[in-house]
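A closer look at the structure
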Amino acid sequence: MQSERAEVRIHDSITLSDDWYTLKKYTFDVRRRNGEWQRQNREAYDRGNGATILLYNREKRTVILTRQFRFPVYINGHDGYLIETAAGLLDNMAPEKRIKAEAEEETGYQIDHVEKVFEAFMSPGSVTEKLYFYIAEYLPDDRTGEGGGIEAEGEDIEVLEWSIEQALQAIDDGLIVDGKTIMLLYHVALKKIL
């Protein structure tokens with residue numbers, strides 16, 4: 001099924017915040033399926049696009065995950081520490097190049113070959129971000145550093161090496177609640193990569 005671009009007329013945009021990223025309020029008309037135009041107002045948070053990667057070792061049947069503090073989930077009742085796949089914003093870099101750098105920065109593994117598996121909008125009702133999803137096989141010799149992220153950017157990342165069974169069980173147990181991580185773990189399980 002081929003998707004066609006929506007018919008939209010943007011009338012106004014107001015910047016509400018431009019501190020960490022940009023939050024704007026838009027007034028626009030959108031043509032409904034019955035052909036009528038409808039005026040709407042929406043706020044959209046623009047933080048740029050990003051990429052994420054699940055590192056896996058086929059022989060050991062393990063995956064590399066990270067654990068770090070996330071303030072937005074903390075203020076929503078979570079303990080604040082999310083177990084995730086390595087990820088980062090593109091910052092005007094090509095997704096494949098950016099994710100290789102993020103993997104090394106966050107996990108300490110230098111990966112030469114990555115496989116793109118899909119793209120997805122994670123919170124399309126309010127955030128413009130599109131994520132590029134990757135997987136890559138790692139070997140013990142690929143670890144060139146400790147990882148942990150960049151302290152000056154507030155990162156304090158713990159690197160975890162878990163069996164695929166432990167990671168999938170952590171989803172069932174509610175220990176892994178990060179959407180991108182769940183998607184990539186289910187991807188490698190469904191495709192029988194591990």
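Residues numbered from 1 in each chain as written. Predicted model: local features only at pLDDT ≥ 70, side-chain atom pairs only at ≥ 80, totals over all residues. Heavy atoms only, no water.

Remarks on the packing of aromatic side chains
Tallying each qualifying case throughout the model produces seven aromatic pairs. Residues Tyr 109 and Tyr 138 carry aromatic rings whose centres are separated by 4.9 Å and whose planes lie at 65° to one another, so their mutual orientation is edge-to-face. Remark: Tyr 138 occurs in the loop between strand S9 (130-137) and strand S10 (158-163) and Tyr 109 occurs in the loop between helix H2 (95-107) and strand S8 (115-121); sequence separation between them is 29 residues. As far as burial versus exposure is concerned, Tyr 109 and Tyr 138 are alike and both buried. Ring-pair connections join several aromatic residues into one group, and the members of that group are Phe 69, Phe 71, Tyr 74 and Tyr 81. For the cation-ring pair, Arg 9 lies above Trp 37, with the distance from its terminal atom to the ring centre recorded as 3.7 Å. One Lys or Arg, Arg 47, reaches over the ring of Tyr 21 and ends 5.3 Å from the middle of that ring. (Phe/Tyr/Trp six-rings, centres within 6.5 Å; stacked < 30°, edge-to-face > 60°. Helix = DSSP H or I, 4+ residues; strand = E, 2+ residues; numbered from the N terminus. Buried < 20%, exposed > 50% of the residue type's maximum accessible area, 1.4 Å probe, protein only. Lys NZ or Arg CZ within 6 Å of the ring centre and 35° of its normal.)

Observations regarding the environment of Asp 156
Structurally, the position occupied by Asp 156 is in the loop between S9 and S10. Not counting the four nearest positions on each side in its chain, Asp 156 is found in contact with Arg 67, Gln 68 and Gly 148. (Contact = heavy atoms within 4.5 Å.)

Here's the deal with the UniProt feature "domain: Nudix hydrolase" (unreviewed entry) in the chain
UniProt marks residues 46-184 with the feature "domain: Nudix hydrolase" (unreviewed entry), using the numbering shown here. The distance separating the terminal C-alpha atoms of residues 46-184 is 24 Å; by composition the span is 23% helix and 33% strand. (UniProt positions renumbered as here; feature names shortened; annotations may be inferred.)

Digging into the side chain of Glu 84
Structurally, Glu 84 can be placed in strand S6 (residues 81-84). Take Glu 84: its relative accessible area is 2%, and that puts it in the buried class. In terms of polar contacts, Glu 84 uses its side chain to reach the side chain of Arg 70, at 2.8 Å. Residue contacts for Glu 84: discarding those within four places in its chain leaves Leu 65, Thr 66, Gln 68, Arg 70, Asp 178, Lys 180 and Thr 181. (Polar contact = N/O pair within 3.5 Å; in protein donor to acceptor, adjacent residues only side chain to side chain.)

Things to note about the nonpolar core
The biggest cluster of nonpolar side chains holds 21 residues, and the ones touching the most others in it are Leu 54, Val 63, Leu 65, Trp 162, Ile 176 and Leu 185. When contributions to this core are tallied by element, the ones reaching two or more residues are strand S4 (50-57), strand S5 (62-69), S9, S10, helix H3 (164-172) and helix H4 (179-190). Among the nonpolar cores identified, the runner-up in size contains 15 residues, and Ile 53, Leu 55, Val 114 and Ala 136 belong to it. (Core = buried A, V, L, I, M, F, W, Y, C linked by side-chain atoms within 4.5 Å.)

Brief notes about unusual backbone geometry
Excluding glycine, residues mostly carry a negative phi; peptide bonds, for their part, are mostly trans. A positive phi angle is found at Asn 92, which is not glycine, with a value near 65°. Within the secondary structure layout, Asn 92 lies in the loop between strand S7 (86-89) and H2. The class of Asn 92 is exposed, set by a relative accessible area of 85%.

Let's talk about the pairing of S4
Successive residues of a regular strand alternate their side chains across the two faces of the sheet. Summarising burial for S4: eight of the eight residues are buried, a large majority. Residues of S4 alternate between two faces, with Gly 50, Thr 52, Leu 54 and Tyr 56 on one and Ala 51, Ile 53, Leu 55 and Asn 57 on the opposite face, all of them buried. Note: S4 against S7, four bridges, orientation antiparallel. Opposite Ala 51, over in S7, you have Gly 88 as the bridge partner. The pairing of S4 with S9 spans seven bridges and is classified as parallel. By the bridge assignment, Ile 53 is partnered in S9 with Tyr 134. With three bridges joining them, S4 and S5 adopt antiparallel strand pairing. Residue pairing in the sheet places Leu 55 in a bridge with Ile 64 of S5. Between S4 and the antiparallel strand that follows it, S5, lie four residues; Arg 61 among them carries a positive phi value of about 60°. (Pairing = 2+ DSSP bridges.)

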